[in-house]
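Descriptive structure summary
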Amino acid sequence: MQILPRFSFLLGILLSLPLAAPAEPEAGRMVKVTPGKNDLIPYWIYLPKDYASKADSTRWPVVIFLHGMGERGSNLERILVHGPPKMIKRGKQFPFIMIAPQCPDDGRKGDGKSKSFWWNPEGPIDKVKNIMEFEKKRLGRVDPDRIYVTGLSMGGFGTYHLVGRHPGYFAAAAPICGHGNRFPDKNALQRAFADLPVWAFHGDRDRVVRLSEQKQTIDLLRAGGATIKLTVYRGVGHDSWTRTYENPEFYDWLLAQKRKKTQDGKQAETGQGLPPD
C-alpha cells in the first residue's frame with residue numbers, strides 16, 4: 001500500500017487551504033481580533049445588540065476609534081480606558097459597529113527607522129483602512145456611506161492623517177485634541193476635507209497639544225472650503241474627550257452624516273452640515 005504518498009497528497013491539500021477567518025463577534029459585545037496578516041493590526045470590534053436580529057439586508061454604520069499615545073503596544077486591554085471602548089466595556093450599547101485598532105509601540109518619536117509607533121502614513125494608519133476593508137467583506141453588512149472616524153490626542157492626529165490619506169472614504173470626522181499640521185501635502189489635506197463634515201474638540205488649557213495647533217489646521221482646511229465646527233471647552237486641559245464621548249448629541253450628529261455620489265459618479269462626503277451649537 002502506498003500510504004505515504006497518499007498522506008503527503010492530503011497534507012498538501014490541507015496546507016493549501018486558507019486559514020479560517022476570525023469568528024464573527026457576538027452582537028452587543030466587543031471581541032478582540034488579532035489578525036495574522038502583516039497588512040493588519042490587532043483591534044477590537046463591537047456589533048450592536050440587535051445586529052443579529054435585524055434582517056441581513058440591514059446596513060450598519062461604522063465608527064473607527066483611534067486611541068492616544070498611552071494606549072500603544074501589544075495589549076488590547078489598554079484601549080479600554082477611554083472613549084467608546086471604555087463605555088461599551090461598562091455596558092453602554094451603541095447603534096453602530098465600532099472598530100478600535102491598536103497602534104504598536106516599536107520605537108521613539110524622531111527615530112526614522114520606527115514607522116509604526118505612531119498613527120503614521122505608510123504604517124498603522126493605512127492598516128486601519130485595511131481593517132475596514134477586511135470587515136466590510138467579512139461582515140457583508142457595512143454601510144459604505146456611513147463610515148466615520150474619531151480619535152483623541154495621538155488619535156486626533158491620526159484622524160486628520162487617515163482622512164488625508166483616503167479622501168472620499170469617510171462620511172464625517174471628529175478629531176479631539178489633535179491636529180494635522182504634520183501632514184506633508186497641505187493641498188491634498190485641504191482637498192480631502194473640502195466637503196467633509198467635521199466636528200473638532202479641544203480644551204483651552206491643554207498643555208500637551210495646544211489649542212492653537214488645532215486652530216492652525218482648521219484655518220488651513222477652512223481656507224480650502226471645509227465646513228468645520230470647533231468646540232472649545234473652557235478651563236479644560238488635555239482631556240477634552242470624556243465630555244465629548246459622553247455627549248449624546250455627538251453621536252446624533254455623527255450618525256446623521258452620510259456620504260453620497262456627486263453628479264460625475266465620484267464619492268464625496270456630505271451630511272447635515274455643522275453640529276448644533
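Above this note sits the structure.
Residues numbered from 1 in each chain as written. Predicted model: local features only at pLDDT ≥ 70, side-chain atom pairs only at ≥ 80, totals over all residues. Heavy atoms only, no water.

1. Some remarks on the nonpolar core
For clarity, the cut-off: Residue types Ala, Val, Leu, Ile, Met, Phe, Trp, Tyr and Cys, when buried and joined through side-chain atoms within 4.5 Å, form a set referred to as a nonpolar core. Between buried and exposed lies partly exposed: a residue is buried under 20% and exposed over 50% of the maximum accessible area for its type, with that area taken using a 1.4 Å probe on protein chains only. Every residue pair with non-hydrogen atoms within 4.5 Å of one another is taken to be in contact.
If you look at the biggest cluster of nonpolar residues, it comprises 45 residues, and the most contacted ones within it are I64, I97 and F193. The contact partners of I64, leaving out residues within four places of it in the chain, are I99, P101, V128, M132, I147, Y148, V149, T150 and F170. Core analysis: the second largest hydrophobic core is formed by 32 residues, L80, I88, F94 and W253 among them.

2. Brief notes about the environment of D239
In plain terms, the rule: Under the scheme used here, helices are H or I runs from DSSP no shorter than 4 residues and strands are E runs no shorter than 2 residues, and both carry numbers assigned from the N terminus. Within 3.5 Å is the distance limit for a polar contact, defined as a pair of N or O atoms, with the added protein rule that one can donate a hydrogen and the other accept it, and that residues adjacent in sequence qualify only through two side-chain atoms.
Here D239 lies in the loop between β8 (228-233) and α7 (241-245). Along the sequence, D239 and H202 sit 37 residues apart, while their C-alpha atoms lie 8.3 Å from each other. A polar contact is formed between the side chain of D239 and the side chain of W241, at a distance of 3.2 Å.

3. Looking at helix α3 (residues 124-139)
Residues spaced three or four apart along an α-helix face the same direction, because each turn holds 3.6 residues. To keep things clear, this is the line we draw: By this rule the span expected of a helix is its residue count minus one, scaled by 1.5 Å.
Between its first and last C-alpha, α3 extends 22 Å over 16 residues, near the 22 Å set by a 1.5 Å rise per residue. Buried residues of α3: P124, I125, D126, V128, K129, I131, M132, E135, R138 and L139, and no others. Count one or two residues on from α3 and you reach G140, which has phi positive near 70 degrees.

4. Topic: the environment of V198
Here V198 shows up in strand β7 (residues 198-203). On a C-alpha basis, the gap between V198 and A173 in space is 5.0 Å, while along the polypeptide they are 25 residues apart.

5. Considering the pattern of salt bridges
As a reminder of what qualifies: The term salt bridge refers to a pairing of a side-chain nitrogen on Lys or Arg with a carboxyl oxygen on Asp or Glu at a separation within 4 Å.
Going through the model one piece at a time under the given rule, you end up with seven salt bridges. Between R72 and D105 there is a salt bridge, with the nearest N and O atoms lying 3.5 Å from each other. On the criterion of sequence distance, the pair formed by R72 in the loop between β3 (60-66) and α2 (83-89) and D105 in the loop between β4 (97-101) and α3 is long-range, its members being 33 residues apart. R72 gets classed as buried once you look at its relative accessible area, which sits at 11%. D105 gets classed as partly exposed once you look at its relative accessible area, which sits at 42%. Between R165 and D126 there is a salt bridge; the shortest N-O distance is 2.5 Å. You can see R165 sitting in helix α4 (residues 154-165) and its partner D126 sitting in helix α3, a full 39 residues away along the chain. A relative accessible area of 33% means that R165 is categorised as partly exposed. Take D126: its relative accessible area is 16%, and that puts it in the buried class.

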